[in-house]
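Residues per chain, in single letters:
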Amino acid sequence: MASEQTSSEYISHHLTHWTYGYLPGEGWKVAYSAEEAGQMGFNAIHLDSMLWSIGLGILFCVMFWMVAKKVTSGVPSKTQAAVELIVEFVDNNVRDSYSGTSKLIAPLALTIFVWIFLMNLMDLVPIDFIPSLAGQVGAAMGYDPHHVFFKIVPTTDPNITLGMSFAVFALIIYYSIKAKGVGGFIGELTLHPFSAKNPIVQIILIPINFILEFVTLIAKPVSLGLRLFGNMYAGELIFILIALMPFWIQWALSVPWAIFHILIITLQAFVFMMLTIVYMSLASSTEH
């Protein structure tokens, strides 16, 4: 595909999502180009991101369910041993970092780690393989293959990463209110970090405290989602740039970068999981 397009067209094609949305003047449709996808704005959904994220989530659930169903106390299979290693790793991190007693945190942390890891892992699939296959399917259906878009790494889509981070944010709010009460939660946002014994001065400080604490609060999900997106998007872009190079340079660079990228995709899943655990622990704490 790279030989049939200019470098800019090739990069643009690989960074454009399969988008369905409302295009002014034309109604609901699949975007034919990146420009059309941009014009759809918020009235659009990235079909490829949804397909792969939901599919990998189902794969995770089915895989762990099958292992749990066949678990044995004897000599475990390689799959069971791998799953037990992951579960034990996550459980140890939850025990070390979470000070509350909620039974939700460990399953949540396990889901986050494995799900994000699987989504990140798609970045190791050869950059042209599935997009080219999607283009061939589109051509067989009468579409221009250069206008068939199909990204396979959900975590390079900020809608996915921010969606997950704001889901965590909703849990943070819930656990904060559960642990401190509505009054305590509001007080945490308005009576810190500045306080005064004089009630009039304290009232004056409330707007300042609220602005500072609200920014700190909202920065948690934003940074959580953008950190994952930024790292994975940069990694995908490097793979695309390598694919534009001569064949022998591609092999010289893609293999070591892929090996290094394995560390990145694992680390990003771990960081997202650990920050979630820490944020949930802070939310569940009654101490400010």
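This text goes with the structure placed above it.
On a predicted model such as this, the values are computed, not experimentally measured, just so you know.

Peer 1: What is the right way to look at the overall build of the chain in this model?
Peer 2: A count of helices and strands for the chain gives nine helices and three strands. Projecting the C-alpha coordinates of the chain onto the three principal axes gives extents of approximately 70 × 60 × 35 Å. Counting over 288 residues, the chain shows a buried share of 38%. Partitioning the contacts of the chain with sequence separation of at least 6, the portion at a separation of at least 24 is 69%. Total accessible area computed for the chain in this model is approximately 16000 Å², and 71% of it derives from carbon and sulfur atoms. Here the chain holds 12 positive side-chain charges and 18 negative ones, and the gap between their average locations is 16 Å.

Peer 1: Got a minute to help me understand the packing of helix α7 (residues 158-190) against helix α8 (residues 199-243) in this structure?
Peer 2: Any two packed helices are characterised by how steeply their axes cross, that is the angle between the axes, and by the distance between the axes. Their axes nearest at 8 Å, the elements α7 and α8 cross at an angle of 150°. Judged on the interaxial angle alone, α8 and α7 are roughly antiparallel. Two packed elements cross with a definite hand, and for α7 against α8 that hand is right-handed. For the contact of α7 with α8, the class distribution of residues is 19 nonpolar, six polar and two charged.

Peer 1: What exactly am I supposed to notice about the pattern of salt bridges here?
Peer 2: Considering all chains together, one arrives at five salt bridges under this definition. Between glutamate 26 and lysine 29 there is a salt bridge, with its nearest N and O atoms 3.2 Å apart. Here aspartate 91 makes a salt bridge to arginine 95, at a shortest N to O gap of 2.7 Å. Separated by four residues within a single helix, aspartate 91 and arginine 95 lie in helix α4 (residues 78-97), roughly one turn from each other. The exposure class assigned to aspartate 91 is partly exposed, which follows from its relative accessible area of 27%. Counted as one network, the salt bridges with shared partners bring together Glu26, Lys29 and Glu36.

Peer 1: Could you clarify how one ought to interpret the packing of helix α5 (residues 105-121) against α7 in this entry?
Peer 2: Where α5 meets α7, the closest approach of the two axes is 13 Å, and the angle between their N-to-C directions is 175°. Considering their axes alone, α5 and α7 lie roughly antiparallel with respect to each other. Taking contact as the criterion, the partners of Leu108, Ile112, Trp115, Ile116 and Met119 in α5 are, on α7, Ile160, Met164, Val168 and Leu171. Here the contact of α5 with α7 is built from residues that sort into nine nonpolar, no polar and no charged.

Quick notes on the rules
Residues numbered from 1 in each chain as written. Predicted model: local features only at pLDDT ≥ 70, side-chain atom pairs only at ≥ 80, totals over all residues. Heavy atoms only, no water. Helix = DSSP H or I, 4+ residues; strand = E, 2+ residues; numbered from the N terminus. Buried < 20%, exposed > 50% of the residue type's maximum accessible area, 1.4 Å probe, protein only. Contact = heavy atoms within 4.5 Å. Areas by Shrake-Rupley, 256 points an atom, 1.4 Å probe, with all protein chains shown as cover. Lys, Arg positive; Asp, Glu negative; His and termini not counted. Charge placed at Lys NZ, Arg CZ, Asp CG, Glu CD. Axes fitted to C-alpha atoms, helices over the stretch in contact; angles between N-to-C directions. Parallel < 35°, antiparallel > 145°, perpendicular 65-115°, else oblique. Left-handed = near helix turned anticlockwise from the far one by under 90°. Nonpolar A, V, L, I, M, F, W, Y, C, P; charged D, E, K, R; others polar. Salt bridge = Lys/Arg side-chain N within 4 Å of Asp/Glu carboxyl O.

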